[in-house]
Amino acid sequence: MYKLRKDLSLSAISAGFVAVLVGFASSVAIVFQAAQAAGADQAMMISWIGALGLGMGLTCIGFSWYYKAPVITAWSTPGAALLASSLIGVPIAQAIGAFMFCAVLTILLGVSGGFDRLMRRIPASIASAMLAGILVQFGLAIFTSLRVEPWLVAAMLISYLLAKRWQPRYTIMLVLAVGLLGSSLMNKLDISHVALAFSQPVLVWPEFDLSVLLGVGLPLFIVTMTSQNIPGIATLRASGYQHIPISPLLTGTGLTSLVLAPLGGFAFNLAAITAAICTGPESHTDSSKRYVAGLSAGFFYILAGLAGASVVALFIALPVALVASVAGLALLTTIGNSLSLALQDTRERDAALLCFLITASGVSFFDIGAAFWGLIGGMLTLYFSKK
């Protein structure tokens, strides 16, 4: 505990808070759509948010403390989008069974160590290019938001530049403060209807139907691995955390999913976008002290899960432009570093550039996201260019 007190910093704590803010505000609506598709009532939907917040919080804190690195977990946003379309007409008990099936597959993959061995074969240039391709849309969103809310976003941009010049460690915290103040002054932040309400767990006993396991559980597993865990691992690797073994992380998230699935914790995985907020220099100039951002994110995730409906209502009340701008500005340095590393080796530049472009394009085939296809395109280009 002495080390934690020594390593505490306001910048790392604010990075964890921003990661939770971005994670919830950007995709909580998709989770609600998935729950509604499964036939969940309001109490069940709040239970889902509670289970997801608890699971992400405990895994963030556990992994970050043990490895002394900012290991950030998240719910599977592509998985939630998949569930929103594939769970229609599926009884919720069978949906829970599919979640548990996906969790078991994740545990088996983690225990086997195969995924860890696979990721070690991916060059840093390709992993960095994929990460840059994932994050570039968030950088662009700053300026698309500028067209929608010019005064608000302009004030945040100016505060970003000034803070980077004089208080770089507290840049994102100051940007967020300016955004909240500006939203309030412009009457774009109405929290009068937000009341304190705690989550109540709703347990649904699983049922296992083979067609649902194969039609929902297996695709959920594939999408979570390709669209979430691979970019999540790339984020850690690109940020210099090479020492963290992947297999225990997969096993841990799989076990968490298995335990919390009956309460609505459909799939936990390594985060990429929110992780990049915590693993970058804005979190702390000393990479060995950025684990505090992971602990901070875990704490705020647990608070968000416990508060359930209140937190969801609060995040929905925030202007979209504010959330998009905070996320984009928080990720600018990471985007730049990733592009620099991706294009550093001239022998791998073409492969990295192709990986970046495919990932940034957002193309999707067979319900598998662009990050996976960017990785495949980059690796194939690298393979043939060396022949």
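Residues numbered from 1 in each chain as written. Predicted model: local features only at pLDDT ≥ 70, side-chain atom pairs only at ≥ 80, totals over all residues. Heavy atoms only, no water.

**A closer look at the packing of helix α7 (residues 124-148) against helix α15 (residues 320-342)**
The contact between α7 and α15 brings their axes to 7 Å, and the two run at 150 degrees. Between α7 and α15, the interaxial angle falls into the category roughly antiparallel. Handedness of the crossing formed by α7 with α15: left-handed. Per-class residue counts for the contact of α7 with α15 are 19 nonpolar, eight polar and no charged. (Axes fitted to C-alpha atoms, helices over the stretch in contact; angles between N-to-C directions. Helix = DSSP H or I, 4+ residues; strand = E, 2+ residues; numbered from the N terminus. Parallel < 35°, antiparallel > 145°, perpendicular 65-115°, else oblique. Left-handed = near helix turned anticlockwise from the far one by under 90°. Nonpolar A, V, L, I, M, F, W, Y, C, P; charged D, E, K, R; others polar.)

**Focus: the pattern of salt bridges**
A complete count under the given rule lists one salt bridge for this structure. With a closest N to O distance of 3.2 Å, arginine 347 and aspartate 345 form a salt bridge. According to the relative accessible area criterion, aspartate 345 is partly exposed, its value standing at 22%. (Salt bridge = Lys/Arg side-chain N within 4 Å of Asp/Glu carboxyl O. Buried < 20%, exposed > 50% of the residue type's maximum accessible area, 1.4 Å probe, protein only.)

**Structural notes on the packing of helix α3 (residues 42-67) against helix α13 (residues 291-307)**
One way to put it is that α3 packs onto α13 with a least axis distance of 7 Å and a crossing angle of 160 degrees. When the axis of α3 is compared with that of α13, the two are roughly antiparallel. Note on packing geometry: the crossing formed by α3 with α13 is left-handed. Contacts between α3 and α13 pair Ile49, Gly50, Gly53, Leu54, Met56, Gly57, Leu58, Cys60, Ile61, Ser64 and Trp65 from the former with Tyr291, Gly294, Leu295, Gly298, Phe299, Tyr301, Ile302, Ala304 and Gly305 from the latter. A per-class count over the contact of α3 with α13 returns 13 nonpolar, seven polar and no charged. (Contact = heavy atoms within 4.5 Å.)

**Looking at helix α16 (residues 349-361)**
Taking 1.5 Å per residue as the helical rise, α16 with its 13 residues ought to reach 18 Å, and the 18 Å between its terminal C-alpha atoms agrees with that figure. In this structure, the buried side of α16 is in contact with α7, α15 and α17 (370-385). Downstream of α16 by a residue or two, glycine 362 has a phi angle that is positive, lying close to 80 degrees. (Expected span 1.5 Å × (residues − 1).)

**A word on α3**
Helical geometry: 3.6 residues make up each α-helical turn, so side chains three or four residues apart lie on a common side. End to end, α3 covers 38 Å across 26 residues, agreeing with the expected 38 Å (1.5 Å per residue, within 8%). Where α3 starts, the residue carrying a side-chain oxygen 3.3 Å from the main-chain nitrogen of alanine 43 turns out to be aspartate 41. Following α3 by one or two positions, lysine 68 adopts a phi angle in the positive range, close to 50 degrees. (Polar contact = N/O pair within 3.5 Å; in protein donor to acceptor, adjacent residues only side chain to side chain.)

**Some remarks on unusual backbone geometry**
Unusually for a residue other than glycine, lysine 68 sits at a positive phi of about 50 degrees. Its place among the elements puts lysine 68 in the loop between α3 and β1 (73-75). Judged by its relative accessible area of 26%, lysine 68 falls in the partly exposed class.

**Topic: the side chain of threonine 59**
Along the polypeptide, threonine 59 turns up in helix α3. Excluding its chain neighbours within four sequence positions, the residues that come into contact with threonine 59 are Ser64, Thr73 and Thr256.

**Let's talk about the packing of aromatic side chains**
Tallying each qualifying case throughout the model produces eight aromatic pairs. Both rings, one in tryptophan 48 and one in phenylalanine 99, keep their centres 5.7 Å apart while their planes meet at 80 degrees; by these two values the pair is edge-to-face. You can see tryptophan 48 sitting in helix α3 and its partner phenylalanine 99 sitting in helix α5 (residues 92-112), a full 51 residues away along the chain. By relative accessible area, which is 0% here, phenylalanine 99 ends up buried. Within the aromatic cluster, the residues linked to one another by ring pairs are Phe17, Phe299 and Phe300. Between lysine 68 and the ring centre of tryptophan 65, over which it is positioned, the NZ or CZ distance is 3.7 Å. We note lysine 68 situated over the ring of tyrosine 291; from NZ or CZ to the ring centre the distance is 5.8 Å. (Phe/Tyr/Trp six-rings, centres within 6.5 Å; stacked < 30°, edge-to-face > 60°. Lys NZ or Arg CZ within 6 Å of the ring centre and 35° of its normal.)

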